[in-house]
Amino acid sequence: MITVGLLGCGNIGRVIAAGQENFKITAVYDVVPARVEEFAREFDAKPFSDFSAFLAEPTDIIVEAASVVAATEHAQEVLESGKDIVIMSVGALADKEFRAHLVETARELKRKIHIPSGAVMGLDNIRIGQISRVDKFVLRTTKNPKSLSREATERTQLFAGKAHDCVRQYPKNTNVAESLSIACGRDVDVELWMDPEEDRNMHEIFFEGEFGEAYIRIRNLPSPDNPATSYLAALSILTLLKNLDNPLVIGA
Ligand SMILES: NC(=O)C1=CN([C@@H]2O[C@H](COP(=O)(O)OP(=O)(O)OC[C@H]3O[C@@H](n4cnc5c(N)ncnc54)[C@H](OP(=O)(O)O)[C@@H]3O)[C@@H](O)[C@H]2O)C=CC1
Ligand SMILES: O=C([O-])CC(=O)C(=O)O
């Protein structure tokens, strides 16, 4: 049985915990102590309010499902402790120096940094961008204003530019922009829209290159407990964890 240390007892953390089968969350940590205690009671895990103690607990892998700040603060020490990490708040890797250092540490210590497909589909073959010509790559994200904690009466563009800048400005809503950039091997173009007529978290991917062209549209249901996060993102990390010990690797 794979043992998991969970950093972040929020919306995604709860979906993962509810789906445990071949892995077990044995240790939990969150910035909100009452949330950790409640989560630990409900899912039979050990609660921690001190990160070092949480990390010292014997777990096989740490799952970050908290925030870009949490991933930035803790990813390095997780790897240095000799554990693999799953990073959900991928926006932390928009800092190129930080990412390079993290990857170098993982390489030296023979550890893995897992990045789930999250709220999009297609990361598998988008990786061809690392080895072949890319003519165009645009992510257009459209969410209801509620998902962006804003108000609007009409469709409004919030951002147009590069992924790194977008996720810095909208760290709770555009981690996928960074995942796509890492997959494709370049800082992709991003448009972020809010639309009161849209009730889904929609991601449209326009990809053209040496291979031909692709258009992928994902219309996600928002998570009931956090409309900023698509339910698909939680299912994605749950699937990743369930497949950690599967010898048959698909789509990689
Ligand atoms: N890669 C992808 O495709 C996607 C990534 N995400 C990202 O995944 C992460 C988790 O999402 P979700 O579960 O919906 O978020 P939630 O806000 O529901 O849960 C996150 C939990 O982590 C806590 N937390 C935040 N910062 C820290 C910290 N520094 N140390 C410890 N705990 C902390 C939060 O506390 P508090 O409430 O006080 O902040 C909260 O309890 C987010 O960063 C989100 O943006 C989401 C969707 C898609
Ligand atoms: O869940 C989504 O639709 C996307 C998201 O919030 C993110 O990438 O941070």
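This text gives an overview of the structure that appears in the document. (Residues numbered from 1 in each chain as written. Chains lettered and ligands numbered in written order. Predicted model: local features only at pLDDT ≥ 70, side-chain atom pairs only at ≥ 80, totals over all residues. Heavy atoms only, no water.)

### A closer look at the sheet that holds strand β7 (residues 134–143)
The line we're drawing: Strand pairing is assigned whenever DSSP detects at least two bridges linking the two strands. Numbering goes from the N terminus for both helices and strands, where a helix is a DSSP run of H or I of at least four residues and a strand is a run of E of at least two. Fitting a line to C-alpha atoms yields each axis, with helices limited to the stretch in contact; the angle taken between N-to-C directions then spans 0 to 180 degrees. Only heavy atoms enter the contact rule, under which two residues are in contact if any of them lie within 4.5 Å.
Across the sheet, which stays open at both edges, the five strands sit in the order β8-β9-β7-β10-β11 with mixed pairing between neighbours. A strand with exactly one partner marks an edge of an open sheet, and here the two such strands are β8 (156–162) and β11 (212–220). Mean inter-strand twist for the sheet, computed between neighbouring axes without regard to direction, equals 10°. Here nine bridges tie strand β10 (residues 201–209) to β11, and the two strands are oriented antiparallel to one another. Of the residues in β11, the one forming a bridge with Phe207 is Ala214. Relative to β7, helix α8 (residues 175–184) is tilted by about 165°, and along the sheet it contacts β7, β9 (189–194) and β10.

### Considering the site of ligand 2
Keep this limit in mind: Each residue is tested against the molecule or strand, and it is near if at least one of its non-hydrogen atoms lies within 4 Å. Two N or O atoms form a polar contact when they lie within 3.5 Å of each other; inside protein one atom must be a possible hydrogen donor and the other a possible acceptor, and for residues adjacent in sequence the pair counts only when both atoms belong to side chains. For the accessible areas, the method is Shrake-Rupley and the probe is 1.4 Å, while residue cover comes only from the protein chains on display.
Close to ligand 2 lie Ala119, Lys143, Lys172, Asn173, Thr174, Asn175, Val176, Asn201, His203, Ala228, Thr229 and Ser230. In this structure, an oxygen atom belonging to ligand 2 sits 2.9 Å away from a main-chain N or O atom of Ala228. Relative to its free-state accessible area of 270 Å², ligand 2 is covered by the protein chains to the extent of 94%. Of all the secondary structure elements, the ones that give two or more residues to the shell around ligand 2 are α8, β10 and β13 (226–230).

### Focus: the pairing of strand β1 (residues 2–7)
Note the following rule: With a 1.4 Å probe rolled over the protein chains alone, any residue whose accessible area is under 20% of its type maximum counts as buried; one over 50% counts as exposed, and the rest are partly exposed. Throughout, right-handed denotes a crossover for which the path from the first strand over the helix to the second runs clockwise when the strands point away from the viewer.
Counting buried positions along β1 gives six out of six residues, so the element sits mostly inside the fold. Judged by which residues are buried, β1 turns out to be covered on both faces: Ile2, Val4 and Leu6 on one side and Thr3, Gly5 and Leu7 on the other are all buried. Sheet topology note: the β1/strand β2 (residues 23–29) ladder contains six bridges and is parallel. Note that in β2 the partner of Ile2 across the bridge is Phe23. As for the winding sense of the linkage, the β-α-β connection from β1 through helix α1 (residues 11–18) to β2 is right-handed. Alignment of β1 against strand β4 (residues 61–64), held across four bridges, turns out to be parallel. Bridge pairing in β4 places Val4 opposite Ile61.

### So, the site of ligand 1
Stated precisely, the cut-off is as follows: Note on residue classes: Ala, Val, Leu, Ile, Met, Phe, Trp, Tyr, Cys and Pro are nonpolar, Asp, Glu, Lys and Arg are charged, and everything else, Gly too, is polar.
The immediate surroundings of ligand 1 are formed by 26 residues, with Ile12, Asp30, Arg35, Ser89 and Thr229 found nearest. Here a nitrogen atom of ligand 1 sits 3.1 Å away from a polar atom, N or O, in the main chain of Val31. Backbone polar atom of Ala119 to an oxygen atom of ligand 1: 3.0 Å apart, as the coordinates give it. Out of a free accessible area of 920 Å², ligand 1 has 83% covered by protein chains. Elements with a contribution of two residues or more to the shell around ligand 1: α1, α8 and β13. Residue composition of the shell around ligand 1, grouped by class: 14 nonpolar, nine polar and three charged.

Don't take any of this as a statement about function, it's just geometry.
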